[in-house]
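# Reading the structure
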Amino acid sequence: MTDSFYGEVLADHNLHPLHRHDMPCATHVCKGLNPTCGDDIELHLDIHDGIITDGSFTGIGCAISQASADIMLELIIGKTPEQAKYYTALFRRMISGEITEDELEELEEAGALQNVSKMPARVKCALLSWNTMEKLLDGGDS
Amino acid sequence: MTDSFYGEVLADHNLHPLHRHDMPCATHVCKGLNPTCGDDIELHLDIHDGIITDGSFTGIGCAISQASADIMLELIIGKTPEQAKYYTALFRRMISGEITEDELEELEEAGALQNVSKMPARVKCALLSWNTMEKLLDGGDS
Amino acid sequence: MMMNKALLSKSNFPVFDVYKDLVYLDNSATQQKPKSVVDAVNTYYYEQNANPLRGLYDLSVKATDAYEDSREKVRGFIGAKSVKEIIFTRNASESLNLVAYSWGRANIITGDEILVAVSEHHSDLLPWQLLAKEKGAKLNYLECDEFGEYTIDAFRAALTPKTKLFAIAQISNVFGRVNPIKEFAQICHENGTIIVCDGAQSVPHIPVDVQSLDVDFLAFSGHKMLAPMGIGVLYGRKELLEKMPPFLSGGEMIEYVTREGATYAELPHKFEAGTVNVGGAVGLAAAIDYINELGFDAIEQRENELTELAFNEMKKIPHIHIIGADNAADHHGILTFTIDGVHPHDIAAIFDADNVAIRAGHHCAQPLHQHLGVQSTTRMSLAFYNDEQDIERFIATLKTIRRRMGYDG
Amino acid sequence: MMMNKALLSKSNFPVFDVYKDLVYLDNSATQQKPKSVVDAVNTYYYEQNANPLRGLYDLSVKATDAYEDSREKVRGFIGAKSVKEIIFTRNASESLNLVAYSWGRANIITGDEILVAVSEHHSDLLPWQLLAKEKGAKLNYLECDEFGEYTIDAFRAALTPKTKLFAIAQISNVFGRVNPIKEFAQICHENGTIIVCDGAQSVPHIPVDVQSLDVDFLAFSGHKMLAPMGIGVLYGRKELLEKMPPFLSGGEMIEYVTREGATYAELPHKFEAGTVNVGGAVGLAAAIDYINELGFDAIEQRENELTELAFNEMKKIPHIHIIGADNAADHHGILTFTIDGVHPHDIAAIFDADNVAIRAGHHCAQPLHQHLGVQSTTRMSLAFYNDEQDIERFIATLKTIRRRMGYDG
Ligand SMILES: Cc1ncc(COP(=O)(O)O)c(C=O)c1O
Ligand SMILES: Cc1ncc(COP(=O)(O)O)c(C=O)c1O
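All values derive from a computational prediction rather than experimental measurement.

### A look at the site of ligand 1
- Surrounding ligand 1, one finds 14 residues, the nearest of these being D:S93, D:D198, D:Q201, D:S221 and D:K224.
- Residues close to ligand 1 are split across chains C and D.
- One nitrogen or oxygen atom from the main chain of D:A92 is found 3.4 Å from an oxygen atom belonging to ligand 1.
- Within the complex, 96% of the 390 Å² of free accessible area of ligand 1 lies under protein.
- With respect to the pocket detection grid, ligand 1 is positioned in the largest cavity.

See the structure below:
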C-alpha cells in the first residue's frame, strides 16, 4: 500500500470507514448532495446536552468525499457544535490553501486532505460532508 | 458625363427612362420584388394578336434595375412573347457570364449590363424586370 | 484610466496589411479583429482546448478556467454584480430571443402591453412582435422625432399600467444617438415595467455600467467589438434570471435528469445548453483587454473627432441629407444619409469601386425607415482604428457620386 | 476514395507539441484541432472578415462566399439534396432545440406521443421532455438491452399510431454502438412518424448520408469533428423546414418587416437570426476538408484498430466491466466502463495524475445510467490521431488503479 494514490490515511478511511453505517435513532439527520458529480450523503448526529455524542454517514461518493466524511466524524464526535463549526472553517481554509502550520495540526487526520487544494475539480467532494454538517447544525433537514 | 460609373447607356436609361410611366389600361400587369434590397417594380404590357405592342414600368429601384427595365422594354416592344422569352434566356446567360459575342449583339443595348456578371450582389437588380416579365408571360398576376 | 494610444493604430489589425488600400467604414455591422484577439483564440486551441465544466483532468480544468475567467472579465467590463448574471450566447439577437422566450412566455399574458422603440433593429423587434402575437398582448411603438430623439415626456405618455416590458437600444444603429436609458429605467421601474436594453452599438463605443443604468437586461455581440463571430452576451438581473424557466435545454444546464423530469443547474449555466464556445469567450475576453488597455476616453475622443470631421465635410456637399441629429456629437461614429436622386445600392457600388466599404439598405430597421418615409439609406460607421485618411477618401468619393450617376453637379 | 495517411499523425495537432506527454482520450467530449483548421479561421479573419449576406462591397461578398461555400461543403459531406437543408447553429444541442421549438410546437398536440431512446444524451432528451410537458403529449422510452442494442422488434412494439416523433442517436456517446437508423427511418415513415437523428457521435467517425438514411432531421456539432467550438449543424428535409415557423427571430432572417408583422427569408436563412458565425463555418469547412482528404476508410480502420487493442487489453484486467457490446467492433472508439469498488471520480483523478485525459460521470445520460443501474461510469474515447502508445499508457494506468486505491490486487 505504499504507492497509495491519495495517501494511506485517505485510502484507509475510504476502504475501512469507522463511521459508515446507518443510525436510525439519531437526534439529527441531514442530506447533502453534489449535483455535478452525483455524490450524495446522509449525515446522522446524536447531540445531547450541547455535545455531539455520536455520528455516522451513509450514501455514495468518491474516495475523497467518503474519507472526508469519515475523518470529519472522527474529529467532531465528543465536541460541541461550536467546535465543529470552528473545524469546518479551518477545513475550508485548508482547502482554499490559506492555512497555517499550527492550524493544520488542529485538524489532525483531516490534514491528509490538504492536497485537494490543488485539485479544483475535487473541492466539492471534500467539502460535501462538512457543508452538510454545517447545514445540520444550522437547523437544516430534520 | 464621360466618367459615368455604370457607362453612359445605363446612366441615360436610369435618368431619362423612355418607358417609366403608368399604363392604367394595359392588358397585362405583373409585380416583381427583391425583398433583400427593397426594390419593387410593376410591369405593364399590352399584348394584342400575339405581339407586345406597348409596355411600361413603375416602382422604385437602383440604377441597374431601373435601366434594365427600360432597356428590356425597348427591346421587346414589337416582338412576340416567344421572342421576349428568348431574350430573357440570353440576358440570363449574359449575367452569368456565359454568352458569345454574336448573342451579345442580339441583346442590343441590354449588352450594356454585361458587367453585372462581375457584381454578384447586383445580379438580382438586373434580373428583376426580366423575371417579372417572364412571370407575366407565364400568366402571373393579372 | 489606462491609455495606450498605440492601440489606436490600424497596424494592430492584419486585415489592413492585407488590403492596404481598403477604407473600412462598416464597423456597426461588424468590426475587424486585432492580432491579439486572433492570437488569444489560437492559444486557447493549442494550449487549453477541452470540453470544460465537467472535466476531471488538467486540460479540462484549464478550459473551464479560460471560460469562467472570460465571464468574470465581461462582468467587470459592464459592471454587473455577479458572474451569475452573465450568460454567453451566440450574438445579441440570441440574447434578445432568450429574454423573449424565457422571461416573455412566463410573464406576458393576454391584454398586456409591450413597448418597443420604433428605431429598433429587427433583432430587438421581431422577438417582441412574435411574443405579443403568441400571447395576445399588444405591441406599441415609442415614436422618435425627425432627429431620432426620444423624449422623456413622450415616453411617459406611451407607458401605461399594462406595459410589462420596454425594449430600446442604447444607441440606434441608424441614428447613432445615445438614448437616456438611465432615466427610462427609473420610470420603468416606478411603473413595474421591465426594461431590455440593446447594447449592440453602445457597449463597443461608450462605457456601459449596468448597475448605474439600472437596466434589467442588456444584450450585445462580440463581433461588433473586436471579438470573433459566434459569441454574444446577455446580462440579466439575478432576481429575474433565477425565476426564469430555461430556454435551450440539454447537456451542462441540468442538475438531475430522470425519465420524467429534470432540475436545472444554477445560474449562469441554466441558460447555457450544450458544449459552450470557450474559444469565442476567450476571444471576447482578449477584445475587452484591448479596449480596457486603450481606454474608453481614448476611444470616444478618437471616434468623436473622426465623426465630426466626416459630419462637417458632408454638410458642405449639396444633395446630401444626414439622418438623425444635426450635430456631430450625437452620432457616435454612425452617419446614415441619402443622396437626392441616387439609390443607396448605386451609392454603395460606387464606394466599393473606390475601395470604400459602407452599407446600403434598411440596416435591419424597416419600421424605422417607414417611419422616416425613406425606402433605404446609406450608412458609414467608424471605429477608433479608422483615421483621417479614411474620412478623406470617404468624402472624396461622396463628392463624385451624383456626377458619376450622370447628374450635372 | 482519397487517403492521405500522413493526416493520421498527431504532428498535425499543435496541442500535442505543447503537451508532449499528454494522452488525450476524451474525444467524444470534444476533439483537438489540426493546424489547418485554426489557420483557415485566421485567414478568414485577416482576409475576408465582414458582415456577410447584405454587403455590397468586396469584403462582404468574400465573407458571404466563405460562408455559403462552407454550407455547400457541409451539404456534400452529409449528402443532402440542397444547401437550403443545411442550417448553421451553435452546436448539436441548439439544432435539437430548434426542431423541438419550431417543428415541435407547431405539430405536437395533446395526446400525441414522442418516443425517445433511453440512451439519449440530455441534449436529445430534455427538449422533447419539455415539449411533451408543454403540449400535454406523452414521452415514451425505447429500451435497449444490456449490450446497448435496440432491436427492430422492440422498436415496432414501442411505436403507436400516435407516435409523432422518434429521437435517437446514430451512435450513443456511452455505448459507441451504431443504431439501425435506416431501418428505423423506414418504419417511422410507414407510421407517419418524424425521425430525428442525433449525429453528434456518428458524423465525425463514419460516413453519414442523409438521403440514404432517409432521416428527417440530423444534428451534429463542429467541435467534435476537428472544428472550432460555437458551430453546429441542423440538417432538415426541405419539405419540413419550409412549413416550419421561425425559431430565433431578428436580423437576416426576414424579407419584409412592418410594425404589425413580418415575412421571412427563404431557407436556410429563415432559421439563422442575427449575424452568422462565418469564422466557425469556415473552420468546419476546413475540418471537412481534413476528413475528406484523410478519408473515412482510413479513419474507420485506424479507430477500429485502436478500439480493438484497448478492448482486448481491458478484457484481461480483472474487476473491469465494459458497458455495452461484448465485442470491439460495436464500440467505435467509445469504451465506457466501471471498476469494482472504485468511484469513477477517483479513476479519473488517477488517470489525470498519469496525464491521461478520460471522462467520469454520467456523460449527460442520467436516464441511461438509471436504466443500467449504475450511478456513474468512466469513459475513454479515441480519435484517429490517437496511437498505440496512447492505448498502452491508458492500459498501464488502468492496471494500477485498484492497487493505488488500496486494494490488494
Ligand atoms: C450523442 C450526443 N448528442 C448530443 C451531444 C451534444 O453536443 P453539444 O454539446 O456539442 O451540443 C453530445 C455531446 O456532448 C453527444 O455525445
Ligand atoms: C442595434 C443593434 N441591435 C442588434 C443587432 C444584432 O446583432 P447580431 O446580428 O450580432 O445579433 C445589431 C447588429 O446588427 C444592432 O446594430
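Continuing now.
### Brief notes about the environment of C:S70
All names here are of chain C.
- Within the fold, S70 resides in helix 3 (residues 58-78).
- A residue is classified by how much of its surface remains accessible, and S70, at 2% relative accessible area, is buried.
- The residues contacting S70, other than those within four sequence positions of it, are F88, A281, V282 and A285.

### Some words on the arrangement of the chains
- The protein chains that touch form five pairs of chains, and the pair with the most contacts between them is chains C and D.
- Nowhere do chain A and chain B come into contact; their C-alpha atoms are at least 47 Å apart.

### Things to note about the interface of chain D and chain B
- Listed by partner, the interface residues are six residues for chain D and seven residues for chain B.
- Both sides of the chain D and chain B interface together cover about 500 Å² of buried area, and 66% of this is carbon and sulfur.
- It is D:L56, D:E255 and D:Y256 in chain D that bury the most area against chain B; as a group they hold 67% of the surface buried on that side.
- Connecting chain D to chain B are zero salt bridges.
- On inspection of chain D and its partner chain B, the count reaches zero residue pairs in polar contact (both at pLDDT 80 or more).
- Across the side of chain D that touches chain B, the residue classes break down as three nonpolar, one polar and two charged.

### Quick look at the nonpolar core
- Judged by nonpolar contacts, the single largest core of 237 residues is most densely connected at C:W128, C:F217, C:L218, D:W128, D:F217 and D:L218.
- If we skip the residues at most four places from it in the chain, D:F217 touches D:V99, D:W103, D:I194, D:I195, D:V196, D:C197, D:L234, D:Y235, D:G236, D:L240, D:L241 and D:M244.

### Focus: the domain arrangement of chain C
All names here are of chain C.
- You can read the domains of chain C as domain 1 (5-31 + 295-404) and domain 2 (38-291).
- Centre-to-centre, using C-alpha coordinates, domain 1 lies 28 Å away from domain 2.
- Across the boundary between the two partners, domain 1 contributes 36 residues, which contact 33 residues of domain 2.
- Taken together, the two surfaces of domain 1 and domain 2 that pack against each other cover about 2,900 Å², and 59% of this comes from carbon and sulfur.
- At the junction of domain 1 and domain 2, the tally comes to one salt bridge.
- The salt bridge involving D330 is made with R177; its shortest N-O contact spans 3.5 Å.

Analysis parameters
Residues numbered from 1 in each chain as written. Chains lettered and ligands numbered in written order. Predicted model: local features only at pLDDT ≥ 70, side-chain atom pairs only at ≥ 80, totals over all residues. Heavy atoms only, no water. Near = heavy atom within 4 Å. Polar contact = N/O pair within 3.5 Å; in protein donor to acceptor, adjacent residues only side chain to side chain. Areas by Shrake-Rupley, 256 points an atom, 1.4 Å probe, with all protein chains shown as cover. 1 Å grid on protein atoms, 1.4 Å probe; cavity = no way out; pocket = protein on both sides within 12 Å on 5 of 7 lines; lining within 4 Å. Sits in = over half its atoms within 2 Å of the grid points. Helix = DSSP H or I, 4+ residues; strand = E, 2+ residues; numbered from the N terminus. Buried < 20%, exposed > 50% of the residue type's maximum accessible area, 1.4 Å probe, protein only. Contact = heavy atoms within 4.5 Å. Buried area = accessible area lost by both parts, 1.4 Å probe. Salt bridge = Lys/Arg side-chain N within 4 Å of Asp/Glu carboxyl O. Nonpolar A, V, L, I, M, F, W, Y, C, P; charged D, E, K, R; others polar. Core = buried A, V, L, I, M, F, W, Y, C linked by side-chain atoms within 4.5 Å. Domains from an automatic or database assignment.

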